[in-house]
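Results of the structural survey
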Amino acid sequence: MKIQQYHKVLLIMCLQCFVLNINAQQEIPPKKEWTITSSKIQEDRFLAKYAIDDNLETRWSSAWNDDHWLEIDTGSAFECSGMRIYWQTAHAKVFTLYTSLDKKTWDKVYHTSNCEGGVQDIFIRSQQTRFLKIEMHTRATGWGYSILDIDLKGTNEMPVAKENGKDVKNTISLLDGDENTAWTSKKKKETELVLDLKNQTEIGGIYLNWGDNYGQTIDYLTSIDGKEWQEAVSITESLGQFEILKHDRRFVRFIKLIIKEPNKCKFTIKDITLYGPNKQVSKLNKYEILAQKMPLGLYPPQLRNMQVYWTLLGIPNDTEESLFDEYGNVEPVISAPMLAPLLKVDGKLLSAFDAIDIKQELVDGYLPIPTVIWVFKDFDLIIEGLAYGQPNRAVSQVSYKIRNKSSKSIDADLFFVIHPLEINPKWQHGGISNISKLNVVNNSTTAEINVNNKTLYVFNKPADKLGVTTFNDGPIVQQLYKNKFPESQTLESNEGLLSGALKYSIFIKENQSSSVSVAIPLHNNKEDINFSNPFQKNKDTQVKNWKEKLDKVGFSLGNKEVEQTLKAQVGYILLNQDGIVIQPGSRNYNRTWIRDGAMTCSALLRMGLFDESKAYLEWYAKRVKDNGHVPPILMNTGEHFGGFGSDIEWDAQGQFIYGMMEYYRFTKDRDFLNRYFPTIKKAMVYMTELREQTLKDGYMKEKEGNERFRGIIPGSISHEGYDIPTHSYWDDFWALRGWVDGVYAAKELNKSDIVVWGEKERQKLANSLKESMNLTSKYFDIDYIPGSADLGDFDPTSIAIGLFPCEALSIVPEDLIKKTFQSYVDTVKERISNGKTYAYTPYENRNILALAKLGMRKEAQQIHDIIFKDRRPSGWKHWVELVHSRERLGSYIGDMPHTWVGSGYMNSVRGLVIMENDVERRLELLNGAPLNWLENDGIALTNLPTHFGNANIKMVFNNRQLTVNINAKFNDLKDIRLYWPLDVKPKSVFVDGVKVDVFQEDSIILPIKTRNVVASW
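Residues numbered from 1 in each chain as written. Predicted model: local features only at pLDDT ≥ 70, side-chain atom pairs only at ≥ 80, totals over all residues. Heavy atoms only, no water.

The protein goes by Discoidin domain-containing protein in an unreviewed UniProt entry, where it is assigned to Snuella lapsa.

In structure tokens:
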């Protein structure tokens, strides 16, 4: 009996231990026991450990490419039912979650291809695990991936569901992200599904993924206790596929779906995803939801997170421009509601996306007068935009012309839809443009759209129908799609989501055209609209005006596409200007940086636009501080920008001096130099004070190998790759250029004492910079010149300015500079060929000229051609600031047309054709120009300004013979170096009719009075 009792006690103890062990395995191990590893990180301050530190102020961030992973080891096994991820803005679009007990065998437990970021709750089938791995496949933005924190879910967080009060056996099939698992209702015509999340959770809505059987009527409610219910969203005409059910931010535990009116029989839900609290309903969400349910193109595609590209309508020196997008939509002024065309032909509502093709063009290939063409089989819709008038009294005008290409007549309805939306999408700080009061009206000879008591659009003829509607009564596109048209012509709404349309019924005979034109007063100046001139007359006038601006000098190439792209940048620079102030963009960058401005002025000067450059440089010079500090950023009104970076950017002094002296080099304007030399001298003094900071004892003493910081410019954020102060060599190269130009200015004015002082300071900085580059490469054990002394980072695009415009090749470690740019070329080729997505900035066009200067002319041409393909759209011949390989990825692109990028392209292309070498007092011709630029009519430069006087040069390559004719009187020029366009020496060379036997493998040095060269292969 005692033995039996003993065994009984022993059995009970064993069972207790087993239960305790099971309970222990069900509890989530504390985070202090977790460890985490990851793939390549962005920087050391974004380590993997910050994804599990319970601190939403820190984060893990990956490198900027697609395939990355995070792996968590919780230290011991536990029963896991899911995960909560706190994504930063840079989240995954597609990712997979795996679990494992032994890190050898992994189970795929969750996958999504539609992650929206924010706070994301993931539910999986409850299972024992110790290791969890998140594999991120596709980015949702152009950056990498960033996670603020991760929490895990235990068994007490596993949701359960009831259908009409009865338990759903397989609740997880509703939540596991697997489209192959689904829940199907028991009832056929109406059912009620209640999901218990087990804990109160703050959400902003749910995403419901239907199977083939869906409900056409859905009521979605939430509750904290399962007793009192709060309405969230109701749908009465569902089209199936999915529902985006967003609402106000709220805490919920229970979710109820009352589903009715099946399209077939019963109801099937593949998956339900919770939206985090930061994804609650907004005005923009309402439109995004509608757009995802309607045929693509009826709503602006940016509502589907598709990138859209645009150009500008405006005149030089104005402060306002209209956006004109690649589909012919217009945003009249910044943040104002857009106007979008739609067509109805043969009873079908058509958008640009229904066309066979969509084309974008510029007049004569380079004038900033853009066209969009919707190409259909029997007709085209031709949309042309321009602007006319005077600065601060300008008017944009757009013509919409239907051209009948067929042999039969066409009846068409042309709709002009006004949306409470900007063209500038949400990822560009745009989105909703509130319309609280909307009035559409016919006058005797015109029609108008008045928004919030302002006339935004005026049409050249009365409309056949006009109407406005509220969002609740159905936005205008919904009504047009259902063959309805609102009767109201004036409405007010506090919600700000009014929309409306004008309808023009058009009959077009075979091979005829009919058009409607809309004028947009940019400054509330309706009185300046002039419909008495036909659109074509206005267009002819603007073509003449723009040619006078852009054709001041002759610059033609055998490759017309390249020639026109270079010329187009000049027009875009003038459009982006606010008055005389140069800025890189019209919307996101409506302020001015001296680094952009100085380089843009150098490009304008090279194309003969002296007055525009002078006006800007003088304006900036007046705002240099008494101590010589050049404000790196100014508002367009002239005030000092006081935001982030205003007091920790140290490239501005050198850039300012360079810009001033570039103007002088091209014009030899001695009055200008005398007037502004005191300001230049102040900036030189300030550069000495900056450098002295890094010469103090103990500077950067906390850093190992701190000698590499000695004597260079202190840490700043001037170079845009850094958001914390960093010792960027970008700043040092610019400071060197500032010293070179400051000394040059002093020499021109015979200020010998300043020449001696300036040259000493230049030499000291040059010595320190050279030493720093060598020490940094050794410290980080790298074989390239890094972007900064702090990081040893690979950044050839910032190093490129050391070659142009800073001309510092003589102090750059020779063994490192070529390796830097060879590695860059290899990286680019790998980037475009490995099949992975990528993003880059076309500031890389600086590298074209750097490669040529290093003798890597073939590589320079290759990089040119790669960047050239990324003009967006190519027909408008301009770039965004940030290019994504996924052309339609809805992610930040900076601004467009981006004219700092554009000016860099101008300088590079011009430099491959003709380049000043100020150090050697030499002109260099054809250093990297591709052969196809020399073919056909070849290269012709007419009155092209150089530092040594205007150049008139003709260069043609035909039948394996290069002919160069030079007609110019150069000043202060030592010689001309002509590079051969082929990789081999010519068989014969004649200079001014005399055969020359002595020349180099790649070039020939010519006397300055040379008039003719003929080289044959």
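From N to C terminus, the protein includes 17 helices and 47 strands. Expected size for 1017 residues packed as a compact globule is a radius of gyration near 31 Å; at 33 Å, the protein falls within 12% of this value. In terms of overall dimensions, the protein has a C-alpha envelope of 120 × 90 × 60 Å along the principal axes. When the 1017 residues of the protein are sorted by exposure, 61% land in the buried category. Sequence-distant contacts, at least 24 apart, represent 70% of the contacts inside the protein between residues at least 6 apart. Looking at the protein as shown, the accessible area adds up to about 40600 Å², and 47% of this sits on carbon and sulfur atoms. Here the protein holds 124 positive side-chain charges and 130 negative ones, and the gap between their average locations is 2 Å. (Helix = DSSP H or I, 4+ residues; strand = E, 2+ residues; numbered from the N terminus. Rg over C-alpha atoms; globule rule 2.2 N^0.38 Å. Buried < 20%, exposed > 50% of the residue type's maximum accessible area, 1.4 Å probe, protein only. Contact = heavy atoms within 4.5 Å. Areas by Shrake-Rupley, 256 points an atom, 1.4 Å probe, with all protein chains shown as cover. Lys, Arg positive; Asp, Glu negative; His and termini not counted. Charge placed at Lys NZ, Arg CZ, Asp CG, Glu CD.)

Bringing helix α2 (residues 283-293) into the picture now. For α2, the complete set of buried residues consists of Leu284, Asn285, Tyr287, Glu288, Leu290 and Ala291. Buried positions along α2 lie against β14 (242-262), α3 (476-481) and β31 (499-508).

By the definition in use, this model includes zero disulfides. Cys80 carries a free sulfur, and the closest cysteine sulfur to it, the one in Cys115, is 17 Å from it. Between Cys601, a cysteine without a disulfide, and Cys806, which holds the nearest cysteine sulfur, the sulfur-to-sulfur distance is 16 Å. (Disulfide = S-S within 2.5 Å.)

It is worth spelling out the sheet that holds strand β44 (residues 988-991) at this point. Two modes of strand pairing occur in sheets, parallel and antiparallel, and in both the strands are linked by backbone hydrogen bonds. An order of β33-β40-β41-β42-β47-β44-β45 is seen for the seven strands of this open sheet, with the pairing classed as antiparallel. Two strands close off the open sheet at either side, each with one partner strand: β33 (554-556) and β45 (994-996). The sheet shows a mean angle of 15 degrees between the axes of neighbouring strands, taken without regard to direction. Pairing of β44 with strand β47 (residues 1012-1016) involves four bridges; the strand directions are antiparallel. The partner of Ser988 across the bridge, within β47, is Ser1016. (Pairing = 2+ DSSP bridges. Axes fitted to C-alpha atoms, helices over the stretch in contact; angles between N-to-C directions.)

This next bit is on the sheet that holds strand β43 (residues 975-979). Pairing in this open sheet of four strands is mixed, and the strands run β38-β39-β43-β46 from one edge to the other. One side of each edge strand has no neighbouring strand; the edge strands of this open sheet are β38 (914-917) and β46 (1003-1006). Going across the sheet, the axis of each strand differs from the next one's by a mean of 20 degrees, ignoring polarity. Relative to β43, strand β39 (residues 922-925) runs parallel, the two sharing four bridges. Across the sheet, Glu924 pairs through a bridge with Arg977, a residue of β43. Those strands touched by helix α16 (residues 899-913) are β38 and β39, and its axis lies near 90 degrees from that of β38.

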